[in-house]
Amino acid sequence: MGGTTVGFVGLGAMGRGMAANLLGAGYTVRVWNRSPGPVAELVARGAQAAGGPADAFAAGVVVSMLADDTAFERLLLDPELLAGAAAGVHVNMATVSVALAERAEALHTEHGIGYVAAPVLGRPPAAAAGTLDILTAGSPDALAAVEPLLAAMGRRTWHFGDRPVQANAAKISTNFLLACAIESLAEACSLAEANGVRPTDLVEMLTGTLFPGPAYTGYGSMVAERRYEPAGFRLPLGLKDVDLALTAGAAAHVPLPFGSVLRDAFLDALAHGDGEKDWAAVAAVARRRAGLPA
């Protein structure tokens, strides 16, 4: 598929690196973003500047990486935009709600456009390095058409089914589990510190014995060291994903009792001015509850 023109909408911290990797793989990439800075950066590296979303959707394939449901719906779930699109497939790589995933699939199908959900696991450095894990779902034909494109942006593609909503459900479930891990690390570290144990020592032992792996190692060190900046994944986005899990659970009659605790903890963190910090800063809430110094 190298040489295919790809429209790319959304050049935030993740999208910039992803679009750059498509350029490196030989694709002609037509980029659009609400702010012009990232567009200019990628044009300097060989991309084409799109005049707007409609110009991006004139490409054979479109990839979008927007922040949330609101941005995706406002910019891309426009019947007029889709009716005039030449794109054969739209790959939405954002973490969006299961309800929006279902609406997006229906509207794209109505206008004869394949729709693939492909949310990702990884932070901006992984996006820049092309080492994302990509969670996909969609029709087999649409997935086959974009598989080489996804391979240019990630280290592995995980398939979850023929319905795009399945990939979004998998991503929401994953982020919910990560939020639970951060909260449990925060509470365990607070308990240890309140009894004279250095959190860094506790995390070193845990990640070297019972809880190895990137989630506990990475977030464990952030929690133990109270290192919440620079933000790789901002705290308001963590709250958004917890809310997505609670909403999906309510719709499917799946209780998520930890979810309510997490939501209140994220709101507490936002109320204390931590909105620009990494979502690991929710650990500060557990410290305040324990009466430990900030």
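Residues numbered from 1 in each chain as written. Predicted model: local features only at pLDDT ≥ 70, side-chain atom pairs only at ≥ 80, totals over all residues. Heavy atoms only, no water.

Novice: How do you make sense of the overall build of the protein chain when you look at a structure like this?
Specialist: Of the regular secondary structure elements, the protein chain holds 14 helices and 9 strands. Here the C-alpha radius of gyration of the protein chain, 20 Å, is about what a compact globule of 294 residues would show, namely 19 Å. A burial count over the protein chain gives 49% of its 294 residues as buried. Sequence separation of 24 or more characterises 66% of the internal contacts of the protein chain that already satisfy a separation of 6 or more. Summed over its atoms, the accessible surface of the protein chain is roughly 12700 Å², and 58% of this surface lies on carbon and sulfur atoms. Within the protein chain, one finds 21 positive and 28 negative side-chain charges whose respective centroids are separated by 5 Å. (Helix = DSSP H or I, 4+ residues; strand = E, 2+ residues; numbered from the N terminus. Rg over C-alpha atoms; globule rule 2.2 N^0.38 Å. Buried < 20%, exposed > 50% of the residue type's maximum accessible area, 1.4 Å probe, protein only. Contact = heavy atoms within 4.5 Å. Areas by Shrake-Rupley, 256 points an atom, 1.4 Å probe, with all protein chains shown as cover. Lys, Arg positive; Asp, Glu negative; His and termini not counted. Charge placed at Lys NZ, Arg CZ, Asp CG, Glu CD.)

Novice: Before we go on, may I ask you to explain the sheet that holds strand β8 (residues 132–136) in this structure?
Specialist: Strand pairing in a sheet takes place through backbone hydrogen bonds and is either antiparallel or parallel in direction. Pairing is mixed across the open sheet formed by 3 strands, whose spatial order is β7-β8-β9. Of all the strands in the sheet, the pair left with one neighbour each is β7 (120–121) and β9 (154–159). Across 5 bridges, the pairing between β8 and β9 is parallel. Residue pairing in the sheet places Asp133 in a bridge with Arg156 of β9. In this fold helix α9 (residues 164–194) packs onto β7 and β8, with an angle of close to 135 degrees to the strand it touches most, β8. (Pairing = 2+ DSSP bridges. Axes fitted to C-alpha atoms, helices over the stretch in contact; angles between N-to-C directions.)

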